[in-house]
Amino acid sequence: MRHILIQPAAGRVPKLHFANTVDRPVELASISQFLDGDTSRTLRKLYPQGTARVWGVTPAKNGSNKKHWKTIQPGDVVLFTGKKRAFGVSNVTLKIHNPKLAEHLWERQRDNQTWEYIYFLSGLVETDVPYVQLNKAAKKNRQFRGFEVLRSEEHTSELQSRQ
């Protein structure tokens, strides 16, 4: 089953992370020291141009982000959200748990958490889907303030048709 990830990226820090690792892809050579051999080989195959878009989430104090992250699979759709709309769409290509890479890319928060639950992305497509439409498709009424994974086939197909 294909999931849709709702990934808020509108605050000061998330905007900076988005600019540094999604808008501007990361050079694989600059992160190779943080990767094991299998992951490096996989990334070179996925990204023969030598750069990859990267995003991550913290575990969250209650562990909810980690729980959601565990359900992510390659091919899942990512909607980057903020200012009451989805503004970017991508797909997951690979996920890894790697606190050292996360610290290298994004440092640590004041509470000492880092965005260690990492996923790599395919190309980024700009979009403009208001939360009203997302809520209609998800059959929910939310502000999409936190990372979440929508799992229903029904919601997935309706949201994907709006890309």
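Details of the structure are given in the entry above.
What counts as what
- Residues numbered from 1 in each chain as written.
- Predicted model: local features only at pLDDT ≥ 70, side-chain atom pairs only at ≥ 80, totals over all residues.
- Heavy atoms only, no water.
- Phe/Tyr/Trp six-rings, centres within 6.5 Å; stacked < 30°, edge-to-face > 60°.
- Helix = DSSP H or I, 4+ residues; strand = E, 2+ residues; numbered from the N terminus.
- Buried < 20%, exposed > 50% of the residue type's maximum accessible area, 1.4 Å probe, protein only.
- Lys NZ or Arg CZ within 6 Å of the ring centre and 35° of its normal.
- Core = buried A, V, L, I, M, F, W, Y, C linked by side-chain atoms within 4.5 Å.
- Contact = heavy atoms within 4.5 Å.

Caption draft 1: Local environment of the packing of aromatic side chains. This structure, assessed with the given rule, holds 5 aromatic pairs. Ring centres of phenylalanine 18 and tryptophan 55 lie 6.2 Å apart, and the angle between their planes is 65 degrees; this geometry places the pair in the edge-to-face category. Of this pair, phenylalanine 18 sits in helix H1 (residues 12-23) while tryptophan 55 sits in strand E3 (residues 51-57), and the two are 37 residues apart along the sequence. Owing to a relative accessible area of 8%, phenylalanine 18 belongs among the buried residues under this scheme. Through successive ring pairs, a cluster of aromatic residues spans Phe18, Trp55, Phe80 and Phe87. A cation over an aromatic ring shows up here: lysine 95 above the ring of tryptophan 69, its NZ or CZ 4.6 Å from the ring centre.

Caption draft 2: Region of the structure containing the nonpolar core. Formed by 17 residues in total, the largest nonpolar core has its most connected members in Ile31, Leu101, Ile118 and Phe120. Every element with two or more residues in this core is listed here: E3, strand E5 (85-97), helix H4 (99-106) and strand E6 (117-121). The element best represented in this core is H4, accounting for 4 residues. Apart from residues no more than four positions distant in its own chain, isoleucine 118 is found in contact with Val54, Trp55, Gly56, Trp69, Leu94, Lys95, Ile96, Asn98, Leu101, Ala102 and Trp106. Trp55, Phe80, Val92 and Val149 belong to the second largest nonpolar core, which has 16 residues in total.

Caption draft 3: Molecular detail of the side chain of serine 40. The topology assignment puts serine 40 in helix H2 (residues 37-46). A relative accessible area of 12% means that serine 40 is categorised as buried. If we ignore the near neighbours within four places in the chain, the residues touching serine 40 are Ser32 and Leu35.

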